Amino acid sequence: MLDLKTDDIQDAPDEWHLTIEHGKLALRQSDGNLFTFSFEDIRNRVENARWSAIAKACASVRRPKVLDALGGWGLDAIILSMAGCRVTVTEASPIVCAVAKNLAREANTPLAFTCGFVEDYLNTSGELFDVVYLDPIFPQHPKGARPSRRMQILHSLAKTDSDLRAVFEIAKKHALNRVVVKHRRNQPTLFGAPHWQITSKTVRFDIYRASA
């Protein structure tokens with residue numbers, strides 16, 4: 001269940017808002033611009049989840065308890081769940097969180113969601129995880145390449161109130177084994193030298209031993 005309330009379409013804001021199109025959850029703007037994101041869009045990405053770089057970075061073979069602290073659309077969380085991890089997702093944007101929940105439902109993936117800032121969640125719950133995974137929004141590509149439409153929309157909806165350094169520090173306190181940070185492959189590290197790295201064709205995972 002997505003636990004969404006409905007309003008009259010005439011009350012819809014000009015910016016992106018949730019709607020139902022042909023029985024499917026979608027995002028729409030007042031000018032008619034439409035965006036849908038379904039499991040069919042990512043099926044190829046998750047077929048080999050167990051052998052993915054992110055699964056290796058998060059030690060999925062141990063079936064760890066993972067917090068995807070900056071969840072976004074939830075794609076990485078779905079991959080980790082399909083690789084055997086027990087995943088909780090936090091996402092600050094209510095709209096993005098709703099789309100991620102719906103995507104997980106379509107994928108039949110057992111994710112636990114908290115729609116809110118990860119700092120608030122961890123400070124309130126005090127919960128510990130084997131792995132805390134951070135996927136900050138990548139900076140603009142140095143060659144000026146435009147990100148995909150899906151990522152452009154995520155950038156426009158993402159709540160950026162969080163201090164990434166503060167998120168990293170609280171992540172270390174709530175991780176029993178490691179903190180994993182996703183970067184573009186050649187992007188400088190955000191939080192100093194990692195203990196080790198796992199690199200794929202386009203992205204890199206910096207891995208820090210936990211201090212919990």
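Not measured: the values here are computed from a predicted model.

## Examining the pattern of salt bridges
Evaluated as defined, the whole model comprises eight salt bridges. Its salt-bridge partner being Arg43, residue Glu40 comes within 2.5 Å of it at the nearest N-O pair. It is possible to trace a salt-bridge network through shared partners that takes in Asp76, Asp135 and Lys182.

## Overview of the packing of aromatic side chains
Evaluated as defined, the whole model comprises six aromatic pairs. Here Phe37 and Trp73 contribute two aromatic rings whose centre-to-centre distance is 6.0 Å and whose plane-to-plane angle is 80°, an arrangement assigned as edge-to-face. Here the residue Phe37 occupies a position in the loop between strand E3 (34-35) and helix H1 (43-46), and Trp73 occupies one in the loop between strand E4 (65-68) and helix H3 (75-82), the gap between them amounting to 36 residues. Using a relative accessible area of 5% as the deciding quantity, one classes Phe37 as buried. With centroids separated by 4.2 Å and ring planes inclined at 0°, the aromatic side chains of Phe168 and Phe191 adopt a geometry described as stacked. On the criterion of sequence distance, the pair formed by Phe168 in helix H7 (residues 164-173) and Phe191 in the loop between strand E8 (175-184) and strand E9 (196-199) is long-range, its members being 23 residues apart. Both residues of the pair, Phe168 and Phe191, belong to the buried class. Joined through ring pairs, the aromatic side chains of Phe35, Phe37 and Trp73 make up one cluster. When the ring centre of Phe129 is taken as reference, the NZ or CZ atom of Lys65 above it lies at 5.0 Å.

## Considering the state of the cysteines
For the structure shown, the criterion picks out one disulfide. Free cysteine: Cys58, not disulfide-bonded; nearest cysteine sulfur from Cys85 at 6.0 Å. The class for Cys58 is buried, based on a relative accessible area of 0%.

## Quick notes on the sheet that holds E3
With respect to topology, three strands assemble into an open sheet ordered E1-E2-E3, the strand pairing being antiparallel. Of all strands in the sheet, those bounded by a partner on one side alone are strand E1 (17-21) and E3. Relative to E3, strand E2 (residues 24-28) runs antiparallel, the two being bridged by two bridges. Note that in E3 the partner of Leu27 across the bridge is Phe35. Contacts from helix H4 (residues 94-106) reach E1 and E2, with the element oriented near 155° to E2.

Rules behind the numbers
Residues numbered from 1 in each chain as written. Predicted model: local features only at pLDDT ≥ 70, side-chain atom pairs only at ≥ 80, totals over all residues. Heavy atoms only, no water. Salt bridge = Lys/Arg side-chain N within 4 Å of Asp/Glu carboxyl O. Phe/Tyr/Trp six-rings, centres within 6.5 Å; stacked < 30°, edge-to-face > 60°. Helix = DSSP H or I, 4+ residues; strand = E, 2+ residues; numbered from the N terminus. Buried < 20%, exposed > 50% of the residue type's maximum accessible area, 1.4 Å probe, protein only. Lys NZ or Arg CZ within 6 Å of the ring centre and 35° of its normal. Disulfide = S-S within 2.5 Å. Pairing = 2+ DSSP bridges. Contact = heavy atoms within 4.5 Å. Axes fitted to C-alpha atoms, helices over the stretch in contact; angles between N-to-C directions.

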